[in-house]
Amino acid sequence: MKPYREHYKELIKLGLPIVIGQLGVILVSFADTMMVGWHTTEELAAASFVNNIFNLAIIFAIGFSYGLTPIVGKLFGEGKLKESGAVLKNALLANGAISLLVIVAMSILYLNIGRLGQPVELLPFIRPYYIVLLLTLPFAMLFNAFKQFIDSITDTKTAMWIMLSGNVVNIVGNYVLIFGKCGFPELGLMGAGIATMLSRMAMLALALTVFLTSRRYRTYMQGFFGGKITAHEQRRLNKLGLPVALQMGMETASFSLATIMVGWIGTNALAAHQIMCTVGQLGFMIYYGMAAAVAVKVSNYNGAGNVPDIRRSAKAGFNIIIVMSIVASLAVYLLRNKVGHLFTDNNEVALLVAQLILPFMLYQFGDGLQCNFSNALRGIADVKPVMKYAFISYILILLPLAYLFAFTFDLGLMGIWLSFPFGLTTAGAMFYFRFMSKTKI
């Protein structure tokens, strides 16, 4: 334990604000799902479909912004602060351009929603909610660029407060707009979408304000305004960001395509799936918060050329994540008979939720493993192989098993969820062995 003690302290100090910010995201997701579920079960099922589809776009966008971490983290480790500001300028352009491409792709999908085999009675709820979330994508992507920059220079507390402020806007907006409080009309699911848009606009505005007015960012701001947008920097950001975006996108795509399969089962299955996906974010967001700290520290050590501490930091991060996964699994298990009733008064949906607790617990190890070591690889800018590993794990293994278990073996929703541990653990093992081979001492 002695070689890792200092790394535990550094990662917890750096990662805790990121985790708290991620917990805020989870809180919003819980509040979203609860309020929509209390409004109507049909809207909860529609939210399940749209949110899981949009998770693909959002996670892809976040993954692309992660390409900024190894560049800025390395420059920060070398003490090149002005250069970091110039990179941020290029990153904002790159993220803005990618957001337009994502909007085009999601618009094409929108035009074909009626062909995806979802319950017909849900389409009037799905379509307007989808449009509102589509309009939020540019704000989300530009904020992601700011957040990754702020985290990479180890100012994780600022990013945490910005995210928590946005979360407050979202939750208050949900309550007011879903149920029609304070003189506003009762908008139901559409109100949840508008609240999401307002929160993402607020977070981008706060990040920009902090960057332009804080003394800590004065040197970076000089580099930002003095630096140039160059083809070389755009290529470098795309070279690092796209593989991570595709890796995370394929993972999310497997869950989104699994959601389409869930829709073939029925409305109650979709509602239960949404509830458990919301609960599943409890693990994923916490693990990714700590794993993001691992990426930052690894990139800092990479800038200093310190290979032994690169390995120690990654291993220490995984140890912390394992403890987190045990705590999260035990908490959900102890509340297994109550979780569903927190979100809906539909007893059939609540029973389906209770049945999904076991596969949820089974995939926590694999989820933590893949989160930690995909981020460790990002920290050393070794991102190309993760695309191949993600394709094998999520597309060639997880999705076929989901169909096999659910429809061939007739396990239904449980079968789809039983495929998740296989895909996530395979990916985690591949990322681990790649990282260890690339950091041999």
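Residues numbered from 1 in each chain as written. Predicted model: local features only at pLDDT ≥ 70, side-chain atom pairs only at ≥ 80, totals over all residues. Heavy atoms only, no water.

## Some remarks on the overall build of the protein chain
In terms of regular secondary structure, the protein chain is built from 18 helices and zero strands. In terms of C-alpha radius of gyration, the protein chain reaches 21 Å, essentially the compact-globule figure of 22 Å for 441 residues. Along the first, second and third principal axes, the C-alpha set of the protein chain runs to 55 × 50 × 35 Å. Intrachain contacts of the protein chain at a sequence separation of at least 6 include 84% that bridge at least 24 residues. Separation between the mean location of the 33 positive side-chain charges and that of the 19 negative ones in the protein chain comes to 14 Å. (Helix = DSSP H or I, 4+ residues; strand = E, 2+ residues; numbered from the N terminus. Rg over C-alpha atoms; globule rule 2.2 N^0.38 Å. Contact = heavy atoms within 4.5 Å. Lys, Arg positive; Asp, Glu negative; His and termini not counted. Charge placed at Lys NZ, Arg CZ, Asp CG, Glu CD.)

## A look at empty space enclosed by the protein
Scanning the model with the defined rule gives three cavities of 30 Å³ or more in all. There is about 1,100 Å³ of room inside the largest cavity. Mapped onto the lining of the largest cavity, the elements with two or more residues apiece are α1 (2–39), α2 (41–65), α5 (123–152), α6 (156–179), α7 (189–213), α9 (231–265) and α10 (267–304). No other element matches α10, which puts nine residues into the lining of the largest cavity. The residue makeup of the lining of the largest cavity, split by class, is 24 nonpolar, 20 polar and five charged. (1 Å grid on protein atoms, 1.4 Å probe; cavity = no way out; pocket = protein on both sides within 12 Å on 5 of 7 lines; lining within 4 Å. Points joined across faces, edges and corners; volume = space filled by probe spheres on them. Nonpolar A, V, L, I, M, F, W, Y, C, P; charged D, E, K, R; others polar.)

## A closer look at the environment of Ala 253
Structurally, Ala 253 can be placed in helix α9. Between the alpha carbons of Ala 253 and Ile 59 there is a distance of 9.4 Å; along the sequence they are 194 residues apart.

## Quick notes on the nonpolar core
Core analysis: the biggest nonpolar cluster contains 144 residues, and Phe 149 and Trp 417 have the highest contact counts within it. Among residues more than four places away in sequence, those in contact with Trp 417 are His 273, Met 276, Cys 277, Leu 356, Pro 359, Phe 360 and Tyr 363. (Core = buried A, V, L, I, M, F, W, Y, C linked by side-chain atoms within 4.5 Å. Buried < 20%, exposed > 50% of the residue type's maximum accessible area, 1.4 Å probe, protein only.)

## Here we look at the packing of helix α11 (residues 307–334) against helix α15 (residues 364–379)
Across the interface, α11 lies against α15 with an axial gap of 9 Å and an inter-helix angle of 155°. Judged on the interaxial angle alone, α15 and α11 are roughly antiparallel. Once α11 is placed against α15, the crossing between them reads as right-handed. Across from Ala 314, Gly 317, Phe 318, Ile 321, Ile 322, Ser 325 and Ser 329 in α11, the residues of α15 making contact are Gln 364, Phe 365, Gly 368, Leu 369, Asn 372, Phe 373 and Ala 376. Split by residue class, the contact of α11 with α15 holds eight nonpolar, six polar and no charged. (Axes fitted to C-alpha atoms, helices over the stretch in contact; angles between N-to-C directions. Parallel < 35°, antiparallel > 145°, perpendicular 65-115°, else oblique. Left-handed = near helix turned anticlockwise from the far one by under 90°.)

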